[in-house]
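Below are the chains, spelled out letter by letter.
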Amino acid sequence: KITYKLKIDSTNHKKNLLFQYATVLQQSNIDKKQSVQAKFNMTLYANGKLHKNLVNYNASTQEKTFHTIKYKDRIIKWKDWTAQMVSLSEFQIGDELHLVFENYDCAIGDSFGYSYIYINQPTALKNINYD
């Protein structure tokens, strides 16, 4: 889990927060239930409250933007680098945003999930803190 924190101020209020991600999710023959599969989530919180679920994928995703390789005992799916943007103008000066990236392996322990994340930080967004 990685959390990026950003305080909205007069220097970034009219800007956009651009980020990119790529993810890989594996599903084995024993983790058919979505509740135990590898997954990747991105969530945006404003002032400690859920603002928006930006991304929510698990290993059985049928989204057409994923590539798939099938093996006898497992399926591997991956999503190439994808850009997403959040307009900071929808928030008020003084608001604190938390952009949370969460990756989970299979709860049974037989499959993996991992992701790559890149956040573009224009000079006006230099007050991003990392957890």
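Trainee: Mind showing me how you'd approach the overall build of the protein here?
Mentor: Helix and strand counts for the protein stand at zero helices and nine strands. Reading the protein from its N end, one meets helices and strands in the order β-β-β-β-β-β-β-β-β. Along the longest, intermediate and shortest principal axes, the C-alpha atoms of the protein span 55 × 25 × 20 Å. Sorting the 131 residues of the protein into buried and exposed places 40% on the buried side. Carbon together with sulfur atoms contributes 49% to the accessible area of the protein, which is approximately 7,700 Å² in total. Here the protein contributes 17 positive and 12 negative side-chain charges, whose respective centroids are spaced 4 Å apart.

Trainee: I would appreciate a short explanation of the pattern of salt bridges in the present structure.
Mentor: Side-chain pairs of opposite charge can arise whenever the charged atoms involved come near each other. Here the structure, examined in full by the defined rule, presents two salt bridges. Here Glu63 ties to Lys79 by a salt bridge, and the two come within 3.0 Å at their closest N and O atoms. Remark: Lys79 occurs in strand 6 (residues 74-87) and Glu63 occurs in the loop between strand 4 (49-58) and strand 5 (66-70); sequence separation between them is 16 residues. Using a relative accessible area of 31% as the deciding quantity, one classes Glu63 as partly exposed. The salt bridge involving Asp73 is made with Arg74; its shortest N-O contact spans 3.5 Å.

Trainee: What should I look at first to understand a nonpolar patch on the surface in this one?
Mentor: A cluster of nonpolar side chains, contributed by Trp81, Tyr114, Tyr116 and Tyr118, occupies part of the molecular surface with about 470 Å² of accessible area. Per element, the largest residue contribution to the nonpolar patch is three residues, and it comes from strand 8 (residues 113-120). On the secondary structure map, Trp81 appears in strand 6.

Trainee: Honestly, the side chain of Thr61 in this entry has me stumped. Any pointers?
Mentor: Turning to its location among the elements, Thr61 is positioned in the loop between strand 4 and strand 5. When sequence neighbours within four positions are dropped, the list of residues in contact with Thr61 reads Phe66 and Lys77.

Trainee: Mind showing me how you'd approach the nonpolar core here?
Mentor: Nonpolar side chains in soluble globular proteins generally cluster together in the buried interior. In terms of nonpolar packing, the biggest core is built from 24 residues, with Phe19, Met42, Leu54, Leu97, Leu99 and Phe101 touching the most fellow members. Looking at this core, the elements with two or more residues in it are strand 1 (2-7), strand 2 (16-28), strand 3 (39-46), strand 4 and strand 7 (96-104).

Trainee: Where do I start with the sheet that holds strand 2 in this structure?
Mentor: Working definition: the strands of a sheet are paired by backbone hydrogen bonds and lie parallel or antiparallel to each other. With antiparallel pairing, four strands are arranged side by side in an open sheet as 5-6-2-8. Only two strands of the sheet have a single neighbouring strand rather than two, namely strand 5 and strand 8. Strand-to-strand twist in this sheet, taken as the mean axis angle between neighbours without regard to direction, amounts to 10 degrees. When strand 5 meets strand 6, the two strands line up antiparallel, connected through five bridges. Residue pairing across strands places His67 opposite Trp78, the latter belonging to strand 6.

Trainee: Is there a simple way to think about the environment of Ile108 in this case?
Mentor: Note that Ile108 resides in the loop between strand 7 and strand 8. As for Ile108 and Asp31, which are separated by 77 residues in sequence, their C-alpha atoms are 7.0 Å apart.

Cut-offs applied
- Residues numbered from 1 in each chain as written.
- Predicted model: local features only at pLDDT ≥ 70, side-chain atom pairs only at ≥ 80, totals over all residues.
- Heavy atoms only, no water.
- Helix = DSSP H or I, 4+ residues; strand = E, 2+ residues; numbered from the N terminus.
- Buried < 20%, exposed > 50% of the residue type's maximum accessible area, 1.4 Å probe, protein only.
- Areas by Shrake-Rupley, 256 points an atom, 1.4 Å probe, with all protein chains shown as cover.
- Lys, Arg positive; Asp, Glu negative; His and termini not counted.
- Charge placed at Lys NZ, Arg CZ, Asp CG, Glu CD.
- Salt bridge = Lys/Arg side-chain N within 4 Å of Asp/Glu carboxyl O.
- Patch = residues over 30% accessible without salt bridge, like charges linked within 9 Å, V, L, I, M, F, W, Y side chains within 5 Å.
- Contact = heavy atoms within 4.5 Å.
- Core = buried A, V, L, I, M, F, W, Y, C linked by side-chain atoms within 4.5 Å.
- Pairing = 2+ DSSP bridges.
- Axes fitted to C-alpha atoms, helices over the stretch in contact; angles between N-to-C directions.

Just distances and angles here, no functional claims.
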